[in-house]
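Each chain, letter by letter, is given below.
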Amino acid sequence: MENVIAKLRELIGDEYEGQAWDETHEAVDVILGAYKPEGYAVGCVDEEFEDGGRWTNFKTNVYRVEQPDGQVSHFRICREVPATECQEGGDFCVSIDEVVPEEVTVIKYISARAA
């Protein structure tokens, strides 16, 4: 596989939504986690966890992929994951899309006494 980024784009199209650990998700997971050709680098650059409710939560990871030719791209994987130990291993659905980093400014409100 010479162009890893092109392969990921081919697998997910504009945005991929499916069942966790289906054929497409497994192929993306192998590329991001196990496939290590020379000069190719991948790393998780962001991770978020959101409480969804009694039964499921949402875990999002963003991966930075760099190829030997210098091409760089970012891919976000959002997984619906079990909220209880009784559902362990029962990952449900997944969405995968290509994203771009963008710097944003956030205003946070803190206690006036702490300022």
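Residues numbered from 1 in each chain as written. Predicted model: local features only at pLDDT ≥ 70, side-chain atom pairs only at ≥ 80, totals over all residues. Heavy atoms only, no water.

### Description of the sheet that holds strand β1 (residues 16-19)
Reasoning step 1: Strands sit in the order β1-β5-β4-β3-β2 across an open sheet of five strands; the sheet is antiparallel. The outermost strands of the open sheet, each flanked by one partner alone, are β1 and β2 (41-50). Neighbouring strand axes in the sheet, compared pairwise and without regard to direction, differ in orientation by 20 degrees on average.
Reasoning step 2: Two strands pair when backbone bridges link them, and strand β3 (residues 56-66) and strand β4 (residues 72-82) are joined in this way by 11 bridges, in the antiparallel orientation. Across the sheet, the residue bridging to Arg 64 is His 74, located in β4.
Reasoning step 3: Docked against the sheet, helix α1 (residues 4-12) engages β1, β3, β4 and β5 (93-99), running at close to 45 degrees with respect to β4. (Pairing = 2+ DSSP bridges. Helix = DSSP H or I, 4+ residues; strand = E, 2+ residues; numbered from the N terminus. Axes fitted to C-alpha atoms, helices over the stretch in contact; angles between N-to-C directions. Contact = heavy atoms within 4.5 Å.)

### Points about the nonpolar core
Reasoning step 1: Core analysis: the biggest nonpolar cluster contains 15 residues, and Leu 8, Val 28, Leu 32, Val 65, Ile 77 and Ile 96 have the highest contact counts within it.
Reasoning step 2: Among the elements of the structure, α1, α2 (23-33), β3, β4 and β5 are those that each provide at least two residues to this core.
Reasoning step 3: Considering each element in turn, this core owes the most residues, four residues, to α1.
Reasoning step 4: Excluding residues that lie within four positions of it along the chain, Leu 32 makes contacts with Leu 8, Tyr 40, Val 42, Tyr 63, Val 65 and Ile 77. (Core = buried A, V, L, I, M, F, W, Y, C linked by side-chain atoms within 4.5 Å. Buried < 20%, exposed > 50% of the residue type's maximum accessible area, 1.4 Å probe, protein only.)

### A look at the state of the cysteines
Reasoning step 1: Scanning all chains against the criterion turns up zero disulfides.
Reasoning step 2: Cysteine Cys 78 is unpaired, with the sulfur of Cys 93 as its nearest cysteine sulfur at 7.5 Å.
Reasoning step 3: Note on Cys 93: relative accessible area 30%, which makes it partly exposed. (Disulfide = S-S within 2.5 Å.)

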